[in-house]
Amino acid sequence: MLPSLSKDHWFFNRRGFVPSLLLSASLVTGLSLTTSKPATGQTLRQKVNFANSDINAFWKEAFRQMGRKWYRPKSYTYYRAVRTACGVSGPFNALYCPRDHGIYLNIPFLVRADRRWGDFAAITIMAHEYGHAVQRQLGLSRLNRYLYQEELQADCFAGVYAQYASRKGLLDANDAEEGYYQSYSSGHTQFNPNTHGTRAQRAQAFRTGYRNGFRSCLRYTVVKFRR
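Residues numbered from 1 in each chain as written. Predicted model: local features only at pLDDT ≥ 70, side-chain atom pairs only at ≥ 80, totals over all residues. Heavy atoms only, no water.

(A) Spatial organisation of the overall build of the protein. A count of helical and extended segments in the protein gives 6 helices and 5 strands. In sequence order, the secondary structure elements of the protein are arranged as α-β-β-β-β-β-α-α-α-α-α. Residues counted as buried form 55% of the 227 residues belonging to the protein. When contacts within the protein are restricted to residue pairs at least 6 apart in sequence, long-range pairs at least 24 apart make up 72% of them. By element, 48% of the accessible surface of the protein is carried by carbon and sulfur atoms, the whole surface being about 10700 Å². (Helix = DSSP H or I, 4+ residues; strand = E, 2+ residues; numbered from the N terminus. Buried < 20%, exposed > 50% of the residue type's maximum accessible area, 1.4 Å probe, protein only. Contact = heavy atoms within 4.5 Å. Areas by Shrake-Rupley, 256 points an atom, 1.4 Å probe, with all protein chains shown as cover.)

As structure tokens, this is what we get:
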């Protein structure tokens, strides 16, 4: 039997996601949210819980600017494997399931990313899954012919959130680089249109969203996005 889910439950310690950097204008320039900032020395658990709320607040406001309503996904964590409405999600994995509008995050996966690259790498994993929720709610996932287009677009949307977090003063000088390296390390060595894309493609997609904002991510859809 698979272990039960724990909703927004965390347990581990780690280091910091804190201030600096500025970025170029985008669709979300001028967002002014009042969520309190994470402090230096908080645990990874606290920072990821903060990011979970902040990513939702970000997309809620971005959707409002587009004249749309954002439906917040349910967020779950698990340790080994968990059964979802989209099938089993195993260890060292993260999953957005459109059937139940849920985001499933494997705790050891986040810990490994944090230890390898830094705390914003773990947050980038989560932001990528929220990118899939964005696609679903805007109908963009139906426009992609191959899996890699959908995955690269989610990487790009993760970069858009990183841009916003940077403009809001939440990132230190290394955080965006941590997200970039996490995207790179998650890619494949050889291209196949029905995978997540190559390392270079995934890193470039994150960088595109980070530098150029939301609309730059629409290049990954087959047909032009219309509001």
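Having seen the model, we can carry on.
(B) Focus on the sheet that holds strand β1 (residues 74-78). Strand order across the open sheet formed by 3 strands is β1-β5-β4, with mixed pairing between neighbours. With partners counted over all chains shown, the strands left at the sheet margins are β1 and β4 (94-97), one partner each. Each strand of the sheet is rotated relative to its neighbour by a mean of 15°, with strand direction disregarded. The sheet contact formed by β1 and strand β5 (residues 102-106) spans 5 bridges and is parallel. Residue pairing for β5: S75 is matched across the bridge by I103. Together, β1, β4 and β5 form the strand contacts of helix α2 (residues 107-116), whose direction differs from that of β5 by roughly 60°. (Pairing = 2+ DSSP bridges. Axes fitted to C-alpha atoms, helices over the stretch in contact; angles between N-to-C directions.)

(C) Quick peek at the confidence of the model for the protein. Residues at a pLDDT of 70 or more form 74% of the protein, whose mean pLDDT is 78. The model gives residues 1-36 a pLDDT under 50, and that stretch makes 126 contacts with residues more than four places away or in other chains. For residues 223-227, every residue scores under 50 in pLDDT, and the model assigns this stretch 13 contacts once sequence neighbours within four places are set aside. (pLDDT = per-residue confidence, 0-100.)

(D) View of the pattern of salt bridges. With the rule as written, the count across this model stands at 3 salt bridges. Note that D54 and K168 form a salt bridge whose closest N and O atoms lie 2.7 Å from each other. Here the residue D54 occupies a position in helix α1 (residues 44-65), and K168 occupies one in the loop between α4 (147-167) and α5 (175-185), the gap between them amounting to 114 residues. The class of D54 is buried, set by a relative accessible area of 0%. Residue classification places K168 among the buried positions, given a relative accessible area of 15%. (Salt bridge = Lys/Arg side-chain N within 4 Å of Asp/Glu carboxyl O.)

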